[in-house]
Amino acid sequence: KSMTSSSLPNCGLFSAPLFHLSGLFTGVITSLAVGMKTVWTLGRFEPEKILQLIEAERVTTWPSLGSMAARVLDHPRFDQYDVSSVTRLGSGGAPTSAATQQRMTSGFKGTGGRMALGYGLTESAGVGTHNWGELLETHPNSVGRVFPGIEMSIRGDNNQPLANGEQGEICIRGSCVMLGYWRNPQATEKAIAPGRWLHTGDIGHFEGEFLYINSRARDLILRNAENIYPVEIEHCLELHPEIIEAAVLGVPHPEMGQEVKAIIVVAEGCSADIGILHTFCSER
């Protein structure tokens, strides 16, 4: 306990199952490569168990997934545990808004206000882009720059590349990409286009070297022939101090085709005023 966080031996806490890419590849294989001690959870995700392990094992690295970090931060006994050993904090598996990033680094003060994000998928062995440190501070809504040794392209219909700034499907090519789906040549043919470009099903665009993810293709909302990306509205809503979490989806509309619906979780003691939230989003 007397050791400072900077002098602690590297110790990673992994809360993803081993059948998941984040458990097996990011967790086991990467940790073996660098000789890092690892700590693993068993069974269902339990926020307080994470806090107990961080304190007991003096965990220095915790790559959280999805809503894990938010659930840990929201635990009523969070402040009763010593999490100062955590100096490297990451997030993946789902978009992480700037507001959530700020909550994470404020709660885990040993990070010095910095963390890392990444983008990849099982079919690319988890490899894609990485955003961390000062780059994440200046580009908080981006999943970062492309890893060395692979190619990434934004493509439109007929597998044609689009210009920087244009939105389209994110495609990846390189030695990290799978050979194909096991005993499913039809699915392989659909996912991997000529030239060995893996079509991810994610919609995004590049601004310079930085990749921005807009939506899953199947989550895209089409309102009066206009594309609406749910994640943009979710991140906007989560900036509101009374909103803990938001999910946005498209629902049928007789004239517009679809309209936007938001499901929100409000902070304790708060009540959402729809008019105020409309104004809040419109201003942004």
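None of the values given here were measured: they were computed from a predicted structure. (Residues numbered from 1 in each chain as written. Predicted model: local features only at pLDDT ≥ 70, side-chain atom pairs only at ≥ 80, totals over all residues. Heavy atoms only, no water.)

Remarks on the pattern of salt bridges
Tallied over the full model, the rule gives 9 salt bridges. A salt bridge links aspartate 74 to arginine 103; its shortest N-O distance comes to 2.7 Å. Residue aspartate 74 is found in the loop between helix 3 (68-73) and strand 4 (88-92), and its partner arginine 103 is found in helix 4 (residues 98-107); the two are separated by 29 residues along the sequence. Taking relative accessible area as the criterion, arginine 103 reaches 33% and is therefore assigned partly exposed. When the shortest N-O distance is used, the salt bridge between arginine 114 and glutamate 137 registers 2.8 Å. One end of the pair, arginine 114, is in the loop between helix 4 and strand 5 (116-119); the other, glutamate 137, is in helix 5 (residues 133-138), with 23 residues separating them in the sequence. A relative accessible area of 36% places arginine 114 in the partly exposed class. (Salt bridge = Lys/Arg side-chain N within 4 Å of Asp/Glu carboxyl O. Helix = DSSP H or I, 4+ residues; strand = E, 2+ residues; numbered from the N terminus. Buried < 20%, exposed > 50% of the residue type's maximum accessible area, 1.4 Å probe, protein only.)

Things to note about the side chain of serine 22
If you trace the backbone, serine 22 turns up in helix 1 (residues 21-34). The exposure class of serine 22 is buried, given its relative accessible area of 18%. Residue contacts for serine 22: discarding those within four places in its chain leaves Ala16, Gly27 and Leu65. (Contact = heavy atoms within 4.5 Å.)

Considerations on the layout of surface pockets
Put simply, the second largest pocket is a space of about 190 Å³. Forming the walls of the second largest pocket are Arg155, Gly156, Asp157, Gln167, Gly168, Glu169, Ile203, Ala217, Leu220, Asn227 and Tyr229. Of the residues assigned to the lining of the second largest pocket, the class counts are 4 nonpolar, 4 polar and 3 charged. (1 Å grid on protein atoms, 1.4 Å probe; cavity = no way out; pocket = protein on both sides within 12 Å on 5 of 7 lines; lining within 4 Å. Points joined across faces, edges and corners; volume = space filled by probe spheres on them. Nonpolar A, V, L, I, M, F, W, Y, C, P; charged D, E, K, R; others polar.)

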